[in-house]
Amino acid sequence: MAKLELLMSVMAQNDFALPKQSRVNGDLLMINQCDSEYLREEIIDGHNWRMISTKERGLSRSRNMALDNAIGDICKLCDDDEILVDDYNDIILQAYNDLPDADVIVFNLNRINYRMKKRYYKIESIRPAPTYRSYGSPMITFKLNRIREHNIRFHEEFGSGGKFGGGEDNLFIRDIRMAGLKMYEHPSVISTLDYGRFGSKWFHGYDDRYFYNLGVFHEYVNPGKWISNIIWGLYQVVKLRKEKINPITVVKWRLTGAKGYRNGKLSYEEYINTLKNG
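The structure contained in this document is the topic of the report that follows. (Residues numbered from 1 in each chain as written. Predicted model: local features only at pLDDT ≥ 70, side-chain atom pairs only at ≥ 80, totals over all residues. Heavy atoms only, no water.)

Quick notes on the overall build of the protein
Helix and strand counts for the protein come out as nine helices and 10 strands. Its C-alpha atoms give the protein a radius of gyration of 19 Å, near enough to 19 Å, the size a compact globule of 278 residues would have. Of all 278 residues assigned to the protein, the portion counted as buried reaches 51%. Within the protein, counting contacts between residues at least 6 apart in sequence, those at least 24 apart form 68% of the total. Summed over all atoms, the accessible surface of the protein reaches about 14000 Å², with 50% contributed by carbon and sulfur. Computing the positive centroid from 40 side-chain charges and the negative centroid from 36, the protein places the two 8 Å apart. (Helix = DSSP H or I, 4+ residues; strand = E, 2+ residues; numbered from the N terminus. Rg over C-alpha atoms; globule rule 2.2 N^0.38 Å. Buried < 20%, exposed > 50% of the residue type's maximum accessible area, 1.4 Å probe, protein only. Contact = heavy atoms within 4.5 Å. Areas by Shrake-Rupley, 256 points an atom, 1.4 Å probe, with all protein chains shown as cover. Lys, Arg positive; Asp, Glu negative; His and termini not counted. Charge placed at Lys NZ, Arg CZ, Asp CG, Glu CD.)

And the structure:
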């Protein structure tokens with residue numbers, strides 16, 4: 001029978017207390033970014049729990065280290081603010097049994113204490129994943145061998161702790177599609193994300209940096225397409241109208257982000273420094 005392994009990214013942990021709080025009750029690989037380098041392995045309730053501690057930084061680097069060291073047949077990406085449902089193992093493995101051609105299955109999550117003013121997508125039925133839809137990392141499960149066969153990785157410039165904030169999960173899904181892997185949606189809930197547990201590590205409000213990084217992301221995915229960058233910016237203004245965001249500010253910083261990426265892949269901080277230094 002296929003085995004499921006959780007791939008959890010954490011920071012500054014000394015033991016397995018956090019995954020116990022997250023109600024992990026299966027195999028686990030925990031990538032722990034801290035100030036030491038060591039491997040810890042224990043059998044807990046009959047399950048193999050491993051912790052790789054590393055001095056590397058950045059969420060996407062953590063995800064890639066997990067991909068390199070995972071041993072499960074099926075893997076689920078997991079965050080440190082996630083509380084798993086009791087039967088997540090059975091739900092996920094049964095879904096792959098019911099969908100034998102699936103390479104990737106994305107599941108529903110519950111979300112609490114979130115700051116971002118947006119409506120999160122809810123999966124309603126089992127179906128092939130729409131080509132336009134992106135998914136957060138904790139929703140994503142996959143057959144490890146299929147991801148490795150196509151050398152699908154996380155883009156390390158993007159994501160919390162990286163140069164350009166979020167977007168790493170969108171690029172991961174994009175690369176899955178580009179590789180031609182079969183991806184399905186499944187309506188079962190596998191966990192709850194508690195955004196109040198630790199707070200977002202990359203979202204600090206709809207500020208200049210936020211829109212700059214969105215401009216970078218758009219330029220990375222759609223190089224040179226400045227008109228669509230503007231259209232997406234105006235769409236954001238409408239979508240976030242309750243925030244009363246200035247459309248000129250949104251478009252300005254999205255286009256600035258695109259320019260900064262073209263002219264040396266500048267982060268927001270690097271771009272601001274170029275202005276200060278003339």
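A closer look at the nonpolar core
Core analysis: the biggest nonpolar cluster contains 56 residues, and L7, I140, F142, F172 and I176 have the highest contact counts within it. The leading source of residues in this core is helix 3 (residues 88-98), at six residues. The contact partners of I176, leaving out residues within four places of it in the chain, are V104, I147, I152, L181 and M183. With 19 residues, the next largest nonpolar core counts V237, W253, Y268 and Y271 among its residues. (Core = buried A, V, L, I, M, F, W, Y, C linked by side-chain atoms within 4.5 Å.)

Regarding helix 7 (residues 226-239)
The end-to-end C-alpha separation of helix 7 is 20 Å, in line with the 20 Å expected for 14 residues at 1.5 Å each. If you follow the buried residues of helix 7, they end up packed against helix 6 (208-221) and helix 8 (247-262). (Expected span 1.5 Å × (residues − 1).)

Observations concerning the side chain of D79
The topology assignment puts D79 in the loop between strand 5 (74-78) and strand 6 (82-84). A polar contact is formed between the side chain of D79 and the side chain of R63, at a distance of 2.5 Å. In this view, D79 contacts M8, S9, R63 and P138; residues no more than four positions away in its chain are not counted. (Polar contact = N/O pair within 3.5 Å; in protein donor to acceptor, adjacent residues only side chain to side chain.)

Concerning helix 2 (residues 59-69)
Counted residue by residue, helix 2 has eight buried out of 11 residues, so it is predominantly covered. Of the residues making up helix 2, those classed as buried are L59, S60, S62, R63, N64, M65, A66 and L67.

Description of the packing of helix 7 against helix 8
Closest axis-to-axis distance for the helix 7/helix 8 pair is 9 Å, and the angle between their directions is 145 degrees. In the crossing of helix 7 with helix 8, the sense of the turn from one axis to the other is right-handed. Residue-level contacts link W226, N229, I230, W232, G233, L234, Q236 and V237 of helix 7 to P247, V250, V251, R254, L255 and A258 of helix 8. Residues of the contact of helix 7 with helix 8, tallied by class, amount to 10 nonpolar, three polar and one charged. (Axes fitted to C-alpha atoms, helices over the stretch in contact; angles between N-to-C directions. Left-handed = near helix turned anticlockwise from the far one by under 90°. Nonpolar A, V, L, I, M, F, W, Y, C, P; charged D, E, K, R; others polar.)

A short note on the packing of aromatic side chains
Evaluation of the coordinates by the stated rule reveals 17 aromatic pairs. When the centroid spacing of 5.5 Å and the interplanar angle of 75 degrees are considered together, the rings of F16 and W49 count as edge-to-face. With F16 in the loop between strand 1 (4-11) and helix 1 (17-21) and W49 in strand 4 (residues 47-54), this pair connects stretches of sequence that are 33 residues apart. Here W49 falls in the buried class, since its relative accessible area comes to 2%. Put simply, the rings of F158, F164, F217, Y220 and Y261 pair up and form one aromatic cluster. (Phe/Tyr/Trp six-rings, centres within 6.5 Å; stacked < 30°, edge-to-face > 60°.)

Notes on the pattern of salt bridges
Across all of its chains, the model carries 16 salt bridges by this definition. For K3, the salt bridge is made with D27, and the minimal N-O distance between the two is 3.1 Å. Of this pair, K3 sits in the segment before strand 1 while D27 sits in strand 2 (residues 27-33), and the two are 24 residues apart along the sequence. Take K3: its relative accessible area is 47%, and that puts it in the partly exposed class. Residue classification places D27 among the buried residues on the basis of a relative accessible area of 13%. (Salt bridge = Lys/Arg side-chain N within 4 Å of Asp/Glu carboxyl O.)

Quick look at the environment of S60
You can see S60 is positioned in helix 2. By relative accessible area, S60 is classed as buried at 1%. A C-alpha to C-alpha distance of 23 Å links S60 and N263, two positions 203 residues apart in sequence. Discounting chain neighbours no more than four positions away, the residues touching S60 are F154, H155, E156, F158, G159 and E168. A distance of 2.7 Å separates a polar side-chain atom of S60 from the backbone oxygen of F158.

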